[in-house]
Amino acid sequence: MNIVYFGSDVHYESFRYLLENHNILALYTYHNDEDYFTEYQIVKAAKEKNIPVHYDEISEEDTTRYFTEYGCELFFVAEYDRIIKIPETLDNFYGVNVHLSMLPVGRSYY
């Protein structure tokens, strides 16, 4: 399965599993030196596999391009700190959003 992954080291094991069993098209992450919210481990693993790493927010145009041109089948979002806007015209979008606790009360790892 072709996947675009969004997240940091918090769910590194999820990223590693997907990396070993699927095709990761790109990694979207962010920089934060707070506790487990670093991105060093996940970025290192992505770069070792020549997976593009992005620190910027994904645009609606890029979201559309992943699903229409690059064969993306799933956005996997794991403790990502930005809202991903999905174009209403995108009919074949599929995504999973994973958090460490129930939202909205248990926001983040608290």
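Structure's up top.
To keep things clear, this report deals only with the structure shown in the data block.

Cut-offs used in this document
Residues numbered from 1 in each chain as written. Predicted model: local features only at pLDDT ≥ 70, side-chain atom pairs only at ≥ 80, totals over all residues. Heavy atoms only, no water. Salt bridge = Lys/Arg side-chain N within 4 Å of Asp/Glu carboxyl O. Helix = DSSP H or I, 4+ residues; strand = E, 2+ residues; numbered from the N terminus. Buried < 20%, exposed > 50% of the residue type's maximum accessible area, 1.4 Å probe, protein only. Contact = heavy atoms within 4.5 Å. Phe/Tyr/Trp six-rings, centres within 6.5 Å; stacked < 30°, edge-to-face > 60°. Arc of directions from axis to C-beta. Core = buried A, V, L, I, M, F, W, Y, C linked by side-chain atoms within 4.5 Å.

Re the pattern of salt bridges
Under the criterion given, the structure shown has four salt bridges. A salt bridge links E20 to R16, with the nearest nitrogen and oxygen atoms 3.5 Å apart. In this pair, E20 and R16 are both assigned in helix α1 (residues 12–21), four residues apart and thus about one turn of the helix distant. Residue R16 is classed as partly exposed on the basis of its relative accessible area, which comes to 36%. Here D62 makes a salt bridge to R65, at a shortest N to O gap of 2.4 Å. Separated by three residues within a single helix, D62 and R65 lie in helix α3 (residues 60–68), roughly one turn from each other. One connected set of salt bridges, linked through shared partners, spans E13, R16 and E20.

Looking at the environment of Y94
Tracing the chain through its elements places Y94 in the loop between β4 (74–78) and β5 (95–98). Residues Y94 and I3, 91 residues apart in the sequence, show an inter-C-alpha distance of 9.9 Å. Excluding residues that lie within four positions of it along the chain, Y94 makes contacts with F67, E73, L74 and F75.

Examining the packing of aromatic side chains
Counted under the stated rule, the structure contains 12 aromatic pairs. For the ring pair Y66 and F75, a centre distance of 6.4 Å and an interplane angle of 75° mean the geometry is edge-to-face. Here Y66 and F75 have matching classes, each one buried. Where F75 meets F93, the ring centres are 5.4 Å apart and the plane angle is 90°; that geometry is what we call edge-to-face. Taken together, the residues span a long stretch of sequence, with F75 in strand β4 and F93 in the loop between β4 and β5 at a distance of 18 residues. Its relative accessible area of 1% is what places F75 among the buried residues.

Describing α1
Taken together, the buried positions of α1 are occupied by Y12, F15, L18 and L19. End-on, the buried residues of α1 take up no more than an arc of 125°, which puts them together on one face. In α1, the exposed residues that point more than 90 degrees away from the buried face are Y17 and E20. On its buried side, α1 packs onto β1 (2–7), β2 (23–28), α2 (40–48) and β4.

Description of the nonpolar core
By size, the foremost hydrophobic cluster in this structure holds 17 residues, and its most contacted members are V4, F6, Y28, Y66 and F75. For this core, the elements supplying multiple residues, two or more each, are β1, β2, α3 and β4. For this core, the element with the highest residue contribution is β2, accounting for three residues. With near-sequence residues (within four places) excluded, V4 lies in contact with L25, A26, Y28, Y66, C72, L74, F75 and F76. By size, the runner-up hydrophobic cluster in this structure holds 16 residues, among which are L18, A45, I51 and F76.

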